Amino acid sequence: MASLIARSIAQNSRRGVQLTSVRFSSKGMMADPLDHATGLEKQELLAKAAGNDNPFDMRVYKRVSGDQTNPTMVPSFYEKRLVGCICEEDATCVNWMWLEKGATKRCECGYWFQLIDGKPLV
């Protein structure tokens, strides 16, 4: 009986060993992500390598004085852009509005915005 239990424990405790190999470059490190990137990801990596930390222009712009003669300039590649204005510092909502090139637009809080031409990514 004891030999039967010992045999079943020995059979159940055997495990197969699996090995996977990882190919390293000649420097002993993984390959550069730029070699595998394509499309927008590659454009983003190339722009960051060139020193542009914000290649898709997603940063938050601070409002300037905001009167009609000196509006806050918002760059855009297109004829229209959706812009959000946080009217008060501790506001919990964003006022959204469409800006069109060539025209200034006033937010509900009284600040003025204007769309200007943005620099292309490439």
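Residues numbered from 1 in each chain as written. Predicted model: local features only at pLDDT ≥ 70, side-chain atom pairs only at ≥ 80, totals over all residues. Heavy atoms only, no water.

*Asks:* Help me get a handle on the nonpolar core, residues and values and all.
*Replies:* The tendency in soluble globular proteins is for nonpolar side chains to be buried side by side. The biggest cluster of nonpolar side chains holds nine residues, and these are Val-74, Val-83, Cys-85, Cys-87, Met-97, Leu-99, Cys-107, Phe-113 and Leu-115. When residues of this core are traced back to their parent elements, those giving at least two are β2 (80–85), β3 (95–100) and β5 (112–117). Look past the residues within four positions of Cys-107 in its chain and what remains in contact with it is Cys-85, Cys-87, Asn-95, Met-97 and Phe-113. (Core = buried A, V, L, I, M, F, W, Y, C linked by side-chain atoms within 4.5 Å. Buried < 20%, exposed > 50% of the residue type's maximum accessible area, 1.4 Å probe, protein only. Helix = DSSP H or I, 4+ residues; strand = E, 2+ residues; numbered from the N terminus. Contact = heavy atoms within 4.5 Å.)

*Asks:* So, the environment of Met-97: which residues are in play, and what are the values?
*Replies:* Relative to the assigned elements, Met-97 resides in strand β3. Residue classification places Met-97 among the buried residues on the basis of a relative accessible area of 8%. As for Met-97 and Val-83, which are separated by 14 residues in sequence, their C-alpha atoms are 5.5 Å apart. With near-sequence residues (within four places) excluded, Met-97 lies in contact with Arg-81, Leu-82, Val-83, Cys-85, Lys-105, Arg-106, Cys-107 and Phe-113.

*Asks:* Describe in detail a nonpolar patch on the surface, supporting the description with residues and values.
*Replies:* On the surface, a cluster of nonpolar side chains totalling about 540 Å² of accessible area is made up of Leu-82, Ile-86, Val-94, Trp-96 and Trp-98. With respect to the element layout, Leu-82 can be found in strand β2. (Patch = residues over 30% accessible without salt bridge, like charges linked within 9 Å, V, L, I, M, F, W, Y side chains within 5 Å. Areas by Shrake-Rupley, 256 points an atom, 1.4 Å probe, with all protein chains shown as cover. Salt bridge = Lys/Arg side-chain N within 4 Å of Asp/Glu carboxyl O.)

*Asks:* Account for the UniProt feature "binding site: Zn(2+)" (unreviewed entry) in the chain, with residues named and values stated.
*Replies:* Following the UniProt record, one finds the feature "binding site: Zn(2+)" (unreviewed entry) at Cys-85, Cys-87, Cys-107 and Cys-109. In summary, the annotated positions, though distributed over 25 residues, converge in three dimensions, the widest C-alpha pair being only 8.7 Å. Residue placement: Cys-87 occurs in the loop between β2 and β3. When neighbours within four sequence positions are excluded, Cys-87 is seen to be in contact with Arg-63, Asn-95, Cys-107 and Cys-109. You can see Cys-107 is positioned in the loop between β4 (104–106) and β5. (UniProt positions renumbered as here; feature names shortened; annotations may be inferred.)

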